[in-house]
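Letter by letter, the chains look like this.
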Amino acid sequence: MRIHFKTSYAHDIRLFPDRWTLSIYGSLLVLAFALPYLLDEFFLGEVTNVLIWAIAGLGLMLLTGQTGQASLGHAAFLAIGCYANTILIEQGVPFIIAFPLAGILTGLIGVIIAIPVLRLHGIYLAIATIALSVLADDIIVLTEHWSGGVSGKFPEMITIFGFEIERWSMPSRFYYLVLVVTIICTLFYRNLLRSPLGRAFAAVRDSEVSATAMGVHIARTKGKAFGLSCMITGWAGALMGYYAGTFNNETFSLVISITLLMMIVIGGLGSIHGAFFGAVVVAFLPQALSILKDNVVGSGVAIPGLETGVFGMILILFILFEPMGIYGRWLKIRTWFELFPFARKDMFRRQKSYLKTERLR
Amino acid sequence: MSLLEIKNATLKFGGVVAVNDLSFSVEEGEVYAIVGPNGAGKSTAFNLISRFYEPFAGTFTFDGNNLLDREADQVADLGIARTFQNIELFEHATVLQNLLVGRHRHRKTTLLEEMFFTPRVRREEERHREAVEEVIDFLDLQPYRNKMIAGLPYGVRKVVELGRALASKPRLLLLDEPASGLSVEETQDMRWWIDDIRKQMGITVLMVEHDMGLVSGVSDRVLALADGAKLAEGTPAEVQANPAVIEAYLGAGAV
Ligand SMILES: Nc1ncnc2c1ncn2[C@@H]1O[C@H](COP(=O)(O)OP(=O)(O)OP(=O)(O)O)[C@@H](O)[C@H]1O
Ligand SMILES: [Mg+2]
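This part is about the interface of chain A and chain B. Often the size quoted for an interface is simply the accessible area lost on bringing the parts together. Each partner contributes residues to the interface: chain A has 40 residues there, and chain B has 51 residues. Taken together, both faces of the contact between chain A and chain B bury some 4000 Å²; the carbon and sulfur share is 63%. In terms of surface lost to chain B, no three residues of chain A exceed Y9, R199 and M214 of chain A, which account for 19% of the buried area on that side. Taken together, the links from chain A to chain B amount to one salt bridge. Across the salt bridge formed by R199 of chain A and E125 of chain B, the nearest N and O atoms sit 3.0 Å from each other. In this assembly, chain A and chain B are joined by nine residue pairs in polar contact (both at pLDDT 80 or more). When residues of the side of chain A that touches chain B are traced back to their parent elements, those giving at least two are α1 (10-13), α8 (171-193), α9 (196-206), α10 (208-213) and α11 (218-244) of chain A. Sort the elements by how many residues they give to the side of chain A that touches chain B and α9 of chain A lands first, with eight residues. In terms of residue class, the side of chain A that touches chain B is made up of 20 nonpolar, nine polar and 11 charged.

Put into structure tokens, the structure is as follows:
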């Protein structure tokens, strides 16, 4: 059993509550930096893919998990980030400026879109954001002059002060770039969670009425959540462009939006861990499935819709049996070990919740 | 001048007149209770003060400020905090986080500072935490500090909601049925707390309550409402003895 002794309020404000957690995440970081020396190029590429998805997951998590606003339009923001970054660099802006700017631009566009869209709630919001995904495709085709339209674009090689980074020929450099962006985004996310804005997000998610009564401006808070979410998503989009090596109007489709949303639900809504767990599932599932399929039915046979089907099944199973996602399951297992042998079966059972008959709205 | 002054307030929901030409004022430092049968318009009056509803007519003044000039989220900035009849807590957050949301109106840091968690944000966080800890000590919430609301029993939720309102250091506290659903012991606690909130913290309390024991125990003045209109106003004893009030509660012929 592990017991926290807290001696100052700073304990609860710190990034890591105790030495133990610090050492775990410290080792994880060391492992992450040592990875290029441990893995071959193929697997390093896969891990890079996981990290990029995790960044995108963090972006959507901030909006959906933290603030409670579902979006099925986030592929559009991946696209905006990706195109903005590529076009800026084509215009001669150095990567070190173009990349952050691409995210910020995506965030600003997100805020502008959020103003009308976030007046909607729940399923209506989800439907409205689907339109964004569809629209993005059309806009890319229409603005062929800048976007390359259907024939697509190839991002140029990244150079940071003369230092070159390329996904295929230098996978470990690209991996480090993605890792650094992941760490920065995770830190931003963590910092927001432990400050007033992060709590305002949770307040908006759980009760708009009482959030308002405590002085939280609902529309403004949602707008900030949408903007920050889009900014992080934009960065993920720019990295996806480099990872894919080429992209066009179909790269960031509605399917990507849906995958992203499923990913954070499976991973566990409302937690940073959830974004990472979900990303692992999304990135490795296709590989695992194809290996499985090759062994079971032979490599010549194609099964259309297999991935989507299995993904959907997993999602349904999670919603039915573990609504807290992989992270929720992980918490339960960890608690069981920490409390051993005192864990009880009903420890995580929720108390009866109380009717909210008089909800305003 | 009264702290809160409401004059000729009227609000209709379709054909239902929920609040009907209602006037009353709350003096600084008092505990003012509103009583009345179900559907009398008590919660609606609260929601008008919180600016959740736009009144059809009437003036609302708080400490010289016209409340009608404010949006619902700006009411807290004036120093008005409230609880809800059906408990509106942030379910998927801890007690501590809930109370810290109460500090929202005192935040000074910007989005950018918070993203980088600058030393100023850290200092502010510690300051907020100190304020919240005072509330936790006051309401004996120590055992629940890091518990999720979703798993807490009803009585504790009620106290947490009171705590969240107190954490904002209000001048006026609106309590919508603070004792409903509480056990006898919990109601007793609530009574001491309301007393201390007024005496130690100097916060003015406006509350809606059905429990006449609690009302006569803590309040200086009572307003009896029926069908959205004022029936009687005065000390608890006066209002309880008022024939119109007795009739509204027990029906005609009971007197
Ligand atoms: N949002 C609403 N829409 C329509 N009618 C409403 C609404 N809120 C309240 N009412 C009506 O207004 C009247 C006053 O309701 P209110 O909730 O203020 O009563 P109350 O005095 O708080 O009663 P209780 O003791 O049951 O809480 C009731 O007739 C109620 O049905
Ligand atoms: Mg009521």
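Lining the immediate surroundings of ligand 1 are 15 residues, of which G39, K42, S43, T44 and Q85 of chain B lie closest. Residues lining ligand 1 come from chains A and B. One of the backbone N or O atoms of A40 of chain B is found 3.2 Å from an oxygen atom in ligand 1. In the model, an oxygen atom of ligand 1 is placed 3.0 Å from a nitrogen or oxygen of the H210 of chain B side chain. Contributing elements (two or more residues each) for the shell around ligand 1: β2 (16-26) and α1 (42-49) of chain B. No other element matches the three residues that α1 of chain B contributes to the shell around ligand 1. For the shell around ligand 1, a count of residues per class yields five nonpolar, seven polar and three charged.

On to the packing of aromatic side chains, then. Tallied over the full model, the rule gives 13 aromatic pairs over all chains. Ring centres of F42 of chain A and F43 of chain A lie 5.2 Å apart, and the angle between their planes is 80°; this geometry places the pair in the edge-to-face category. The rings of F95, F99, W235 and Y242 of chain A are connected pair by pair, giving a single aromatic cluster. One residue, R167 of chain A, lies across the ring of Y243 of chain A, its end atom 3.8 Å from the ring centre. Its guanidinium or amino end placed over the ring of F90 of chain B, R164 of chain B lies 4.8 Å from that ring's centre, counting from NZ or CZ.

Attention now moves to the coordination of the magnesium ion (ligand 2). Ideal donor angles around a metal are set by the shape: a four-donor tetrahedron calls for 109.5 degrees, a six-donor octahedron for 90 or 180 degrees. All names here are of chain B. Distances from the magnesium ion (ligand 2) to its protein donors, S43 (OG) and Q85 (OE1), fall within 1.9 to 2.0 Å. Linking S43 in helix α1 with Q85 in the loop between β6 (80-82) and α3 (95-101), this pair joins segments that are 42 residues apart in sequence. On the accessibility criterion, S43 (12% relative accessible area) is buried.

Residue and element names in this part refer to chain A. Tracing the backbone through its elements, the reader meets S71 in the loop between α3 (41-66) and α4 (74-90). Classification of S71 by relative accessible area gives buried; the value is 1%. At 3.1 Å, the side chain of S71 forms a polar contact with the backbone nitrogen of G73. Looking at S71, its side chain comes within polar contact range of the side chain of H74, at 2.9 Å. Contacts of S71, omitting those with residues within four sequence positions, involve L60, L63, T64, T129 and L261.

Our focus in this paragraph is a nonpolar patch on the surface. All names here are of chain A. A cluster of nonpolar residues, W20, I24, Y25, L28, L31, Y37, L38, L39, F42 and F43, forms a patch on the protein surface that exposes about 1100 Å² of accessible area. If you list the elements that add at least two residues to the nonpolar patch, you get α2 (19-38) and α3. When residues in the nonpolar patch are grouped by element, the largest group, seven residues, is from α2. Counting through the fold element by element, W20 comes out in helix α2.

Let us look at the pairing of strand β7 (residues 172-176) of chain B. All names here are of chain B. Burial analysis of β7 places five of its five residues in the buried class, which makes it a mostly covered element. Alternating residues of β7 divide into L172, L174 and D176 and L173 and L175, and every residue in both groups is buried. Where β6 meets β7, three bridges bridge the pair, whose relative direction is parallel. What sits directly across from R82, in β7, is L174. Note: β7 against strand β8 (residues 204-208), five bridges, orientation parallel. Along β8, the bridge assignment pairs D176 with V208. With helix α7 (residues 184-199) bridging β7 and the parallel β8, this β-α-β connection has right-handed handedness.

Below, the discussion takes up helix α13 (residues 272-297) of chain A. Residue and element names in this part refer to chain A. The terminal C-alpha atoms of α13, which comprises 26 residues, lie 37 Å apart, in line with the 38 Å expected from a rise of 1.5 Å per residue. In the structure, α13 departs most strongly from a straight axis at F284, where the bend amounts to approximately 40° and where the proline P286 lies between one and four residues downstream. Taken as a whole, α13 has its buried residues at I272, G274, A275, G278, A279, V281, V282, A283, L285, L289 and K293. Residues of α13 that are buried make contact with α3, α8, α12 (254-267), α14 (306-321) and α15 (325-339).

Cut-off values and rules
Residues numbered from 1 in each chain as written. Chains lettered and ligands numbered in written order. Predicted model: local features only at pLDDT ≥ 70, side-chain atom pairs only at ≥ 80, totals over all residues. Heavy atoms only, no water. Contact = heavy atoms within 4.5 Å. Buried area = accessible area lost by both parts, 1.4 Å probe. Salt bridge = Lys/Arg side-chain N within 4 Å of Asp/Glu carboxyl O. Polar contact = N/O pair within 3.5 Å; in protein donor to acceptor, adjacent residues only side chain to side chain. Helix = DSSP H or I, 4+ residues; strand = E, 2+ residues; numbered from the N terminus. Nonpolar A, V, L, I, M, F, W, Y, C, P; charged D, E, K, R; others polar. Near = heavy atom within 4 Å. Phe/Tyr/Trp six-rings, centres within 6.5 Å; stacked < 30°, edge-to-face > 60°. Lys NZ or Arg CZ within 6 Å of the ring centre and 35° of its normal. Donors = N, O, S within 2.8 Å, 3.2 Å for Na, K, Ca; no water. Buried < 20%, exposed > 50% of the residue type's maximum accessible area, 1.4 Å probe, protein only. Patch = residues over 30% accessible without salt bridge, like charges linked within 9 Å, V, L, I, M, F, W, Y side chains within 5 Å. Areas by Shrake-Rupley, 256 points an atom, 1.4 Å probe, with all protein chains shown as cover. Pairing = 2+ DSSP bridges. Right-handed = clockwise from strand over helix to strand, strands pointing away. Expected span 1.5 Å × (residues − 1). Bend = angle between axes of the 7 residues up to and from the residue.

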